[in-house]
Amino acid sequence: MKWLFILTFLAAGLQEGHSVKFSANFDSGSLGKVNLIDSVWVRSSRTDSVLHLAYEIISRQDPDNPANPELKPSARWFYFMMEGVKGKHIYLDFQNTDPMRAVYSYDAKHYQRFEDYQASLRKVSAFFSRDTVYVAYFVPYGQELLQERLKHWTASSFVTMDTLGTSMMGLPIQMLTITDPGVPEKEKNRIWIHARVHPGESPANWQLDGLLGRLTEDTPVARQYRRQSVFYVVPFTNPDGVYGGYSRSNARGINQEINWDHNDSVTSVEVKVLRARMDSLTRECPFDLVLNMHAQSDDKISYYVPTQESTNSQYHEKAMRLAYLTTDDNPYFFPEDMFYSVPAPRYVEGWLWNRTGGRTLAMTIEMPYSYYNENPDRSWVTVSSLRENGEFLLRAISDYFGWDTPGRHILKGTIRGNKTIFRYDNLPAGEYRVFTWDNAWILCDTVVKKHPGPFRYVIRAEGEPYSGPLRVSIPAIWQN
Ligand SMILES: [Zn+2]
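**Remarks on the side chain of Gln224**
- The residue Gln224 is located in helix H4 (residues 220–228) in this model.
- Excluding residues within four positions of it along the chain, Gln224 makes contact with Asp404, Thr405 and Pro406.

Structure representation (structure tokens):
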């Protein structure tokens, strides 16, 4: 009897033109099957009723993987449009992916999270006030948006763009080179960053967007970053995957992340293109740093820090330093959030380790989708906090290399007996905060008043003298 009852309502709903149209035929769109499972009018006042519709959503799977047939294709990412939802309460019941972090938007630009989420049923619901709505696993960062952003970044004279090659489906694999061309290459650190190997991981691009925003702005700090470095940045290493709305694969089904040591017939054209450009750029000099930007279902930011056992103590220490520097004064990321890993040759990290023997530090960094530090009571992940994390990452890179930037001076000390003396010639008189660190652990945070004349700061050590760097920060309120 119950089923008959529902079917009657369903028939009534459809006859009156109340059905919802689903589609995903657009940039980054993805949807498998949709089934209407319930349709009920619910009285909302004496005169009005609201139509409640429940749909079962089966997310589309990536194609079968010819390089790693043992892996089950992922179906995590979804992004679709619903038309005809105005004034209706819609329930979306996900069968093969977790919609916990799902977002929706009326204009495909400004997204908000579904507030109503039933974890045990993998179900989200909302009452919609406009007729067309976009629903996605997380705020999309698609091909059209990237082209807009590239246009914006390349307007600067210190940014150039290059196409490394084309994807299987014929999309360009684009790379930005960002540097101050007036400073000789030999004096710079060389950094390669690539993102979006896994197309369902749009938070990685929002983070990178923040990093690029800060790196390309017209400020004294950004100008100093560009004097100190050459950044090679590939925002989409898997453009077909992004455009096609795949979760973890390219259009051929290959998971490019673990495709760096396969034989030629099952190596994706995209990985071949990346390897060729990395080879040609490092013929004379290796990269100092390679970062591989991802997102993860764990509710925290993590680096995959290479273990000491799988590399060596010096390399592990460098990795820890960058990792901890990224947590420095960062409200979203903490030292306990790290993962530890072995750079196997199937990953870009292992491919580089085998070629450079540790001269290039290569690490993966992961952004979450939902909240930070495994704590749902703190702030949830937003586009703006992801961008902020891009800025923290850039600052950490600067500290890691010891770039001396306005407001944040990195000094090297001289050991004299049980004292380490730090000097800086041009720091004006005023109050400064001083930080020291060892493996990036912040050891002290003191305010010192500087008198006219050269800056001098002495650390007295009990046993081993302190030999690490020292950072002098000038908070904005103290800067004239
Ligand atoms: Zn990933």
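**Thoughts on the pattern of salt bridges**
- Within this structure, the stated rule accounts for 13 salt bridges.
- We note a salt bridge from Glu83 to Lys21, for which the minimum N-O separation is 3.5 Å. With Glu83 in strand E4 (residues 79–83) and Lys21 in strand E1 (residues 21–23), the pair connects residues that are 62 residues apart, well separated along the chain.
- Residue class for Glu83 comes out partly exposed when judged on its relative accessible area of 26%.
- Here Lys21 falls in the exposed class, since its relative accessible area comes to 52%.
- Among the charged side chains, a network of salt bridges with common partners joins Arg149, Asp209 and Arg387.

**Quick look at the domain arrangement of the protein**
- Parsing the protein into structural domains produces domain 1 (2–136), domain 2 (143–401) and domain 3 (408–478).
- Between the C-alpha centres of domain 2 and domain 3 the distance comes to 31 Å.

**A word on the sheet that holds strand E10 (residues 132–136)**
- Across the sheet, which stays open at both edges, the five strands sit in the order E1-E4-E10-E6-E7 with antiparallel pairing between neighbours. With partners counted over all chains shown, the strands left at the sheet margins are E1 and strand E7 (112–113), one partner each.
- Direction of pairing for strand E6 (residues 103–105) relative to E10: antiparallel, over a ladder of three bridges. What sits directly across from Tyr104, in E10, is Val135.

**Observations regarding the environment of Met338**
- The residue Met338 is located in the loop between helix H7 (313–327) and strand E17 (339–341) in this model.
- Taking relative accessible area as the criterion, Met338 reaches 6% and is therefore assigned buried.
- With near-sequence residues (within four places) excluded, Met338 lies in contact with Lys300, Tyr303, Val305, Ala323, Tyr324, Thr327 and Phe333.

Scoring rules and cut-offs
- Residues numbered from 1 in each chain as written.
- Predicted model: local features only at pLDDT ≥ 70, side-chain atom pairs only at ≥ 80, totals over all residues.
- Heavy atoms only, no water.
- Helix = DSSP H or I, 4+ residues; strand = E, 2+ residues; numbered from the N terminus.
- Contact = heavy atoms within 4.5 Å.
- Salt bridge = Lys/Arg side-chain N within 4 Å of Asp/Glu carboxyl O.
- Buried < 20%, exposed > 50% of the residue type's maximum accessible area, 1.4 Å probe, protein only.
- Domains from an automatic or database assignment.
- Pairing = 2+ DSSP bridges.

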